[in-house]
Amino acid sequence: GLAILVAMPVLVASIVGAVLGFGEVTILWLLLLIPATWAWVHFFFSIHALVIDDSGPLEAMRSSYQVVQHHFWQSIRFMSASLLITTGLSFALRELATSLPGALLAILLNAVIASGMIVAAMLFYRDRANRLGLHASVPGR
């Protein structure tokens, strides 16, 4: 959803720029996607850090950055697998939801898989943050 929210204005601005004869606008937007992708990757675990570390937003972003920086390829593989599972699941569930029983099953499966992916991301972050000695060891969690 966030990617669509960011990508739609970029797409519209690129189309308008191309229609008006500013073909370089597309190149500019593509160059702006590089830092946006970098930020998405490095701050991927920020929400999880908010919950697990019980810290403020800036501290959570710093912790997420450090975890991804120190475990970069593991993080990339985890994010890729997570994106593949959630995206592939949406296509499969859309086909399943053609009838009422199928729709109910699709809702249930989506809830189970989405919850599992959230827990997996939190555990991934917590384990790597503990290895780095970050604040991921809040008592009772």
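Preceding this section is the structure that the text describes.
Report follows, based on the coordinates. Here the structure is a predicted model, which is why all the values come from computation and not from measurement.

1. Side note on a nonpolar patch on the surface
The grouping of Met8, Leu11, Val12, Ile15, Val16, Val19, Leu20 and Phe22 at the surface amounts to a nonpolar patch, some 790 Å² of accessible area in total. As for its placement among the helices and strands, Leu20 is situated in the loop between α1 (2-19) and α2 (24-42).

2. Section: the packing of aromatic side chains
Following the criterion strictly, the structure yields 10 aromatic pairs and no others. Taken together, a centroid distance of 5.3 Å and an interplanar angle of 20° make the contact between Phe45 and Phe124 stacked. Note that Phe45 is positioned in the loop between α2 and α3 (46-53) and Phe124 in helix α6 (residues 100-132), a separation of 79 residues in sequence. As far as the burial class goes, Phe45 and Phe124 line up, both buried. Here Phe78 and Phe124 contribute two aromatic rings whose centre-to-centre distance is 4.7 Å and whose plane-to-plane angle is 20°, an arrangement assigned as stacked. With Phe78 in helix α5 (residues 72-96) and Phe124 in helix α6, this residue pair connects regions lying 46 residues apart in the sequence. The residues Phe78 and Phe124 share a single accessibility class, namely buried. Ring pairing ties together the aromatic residues Trp40, Phe44, Phe45, Phe78, Phe124 and Tyr125, which thus form one cluster. Positioned above the aromatic ring of Phe124, the side-chain terminus of Arg128 is 3.9 Å from the ring centre.

3. Examining α6
Compared with the 48 Å implied by 1.5 Å per residue over 33 residues, the 48 Å span of α6 between its first and last C-alpha is a close match. Restricting attention to buried positions, one finds in α6 the residues Gly102, Ala106, Met117, Ala121, Phe124, Tyr125, Arg128 and Ala129. Immediately beyond the C-terminal end of α6, within one or two residues, lies Gly133, with a positive phi of roughly 80°.

Analysis parameters
- Residues numbered from 1 in each chain as written.
- Predicted model: local features only at pLDDT ≥ 70, side-chain atom pairs only at ≥ 80, totals over all residues.
- Heavy atoms only, no water.
- Patch = residues over 30% accessible without salt bridge, like charges linked within 9 Å, V, L, I, M, F, W, Y side chains within 5 Å.
- Areas by Shrake-Rupley, 256 points an atom, 1.4 Å probe, with all protein chains shown as cover.
- Salt bridge = Lys/Arg side-chain N within 4 Å of Asp/Glu carboxyl O.
- Helix = DSSP H or I, 4+ residues; strand = E, 2+ residues; numbered from the N terminus.
- Phe/Tyr/Trp six-rings, centres within 6.5 Å; stacked < 30°, edge-to-face > 60°.
- Buried < 20%, exposed > 50% of the residue type's maximum accessible area, 1.4 Å probe, protein only.
- Lys NZ or Arg CZ within 6 Å of the ring centre and 35° of its normal.
- Expected span 1.5 Å × (residues − 1).

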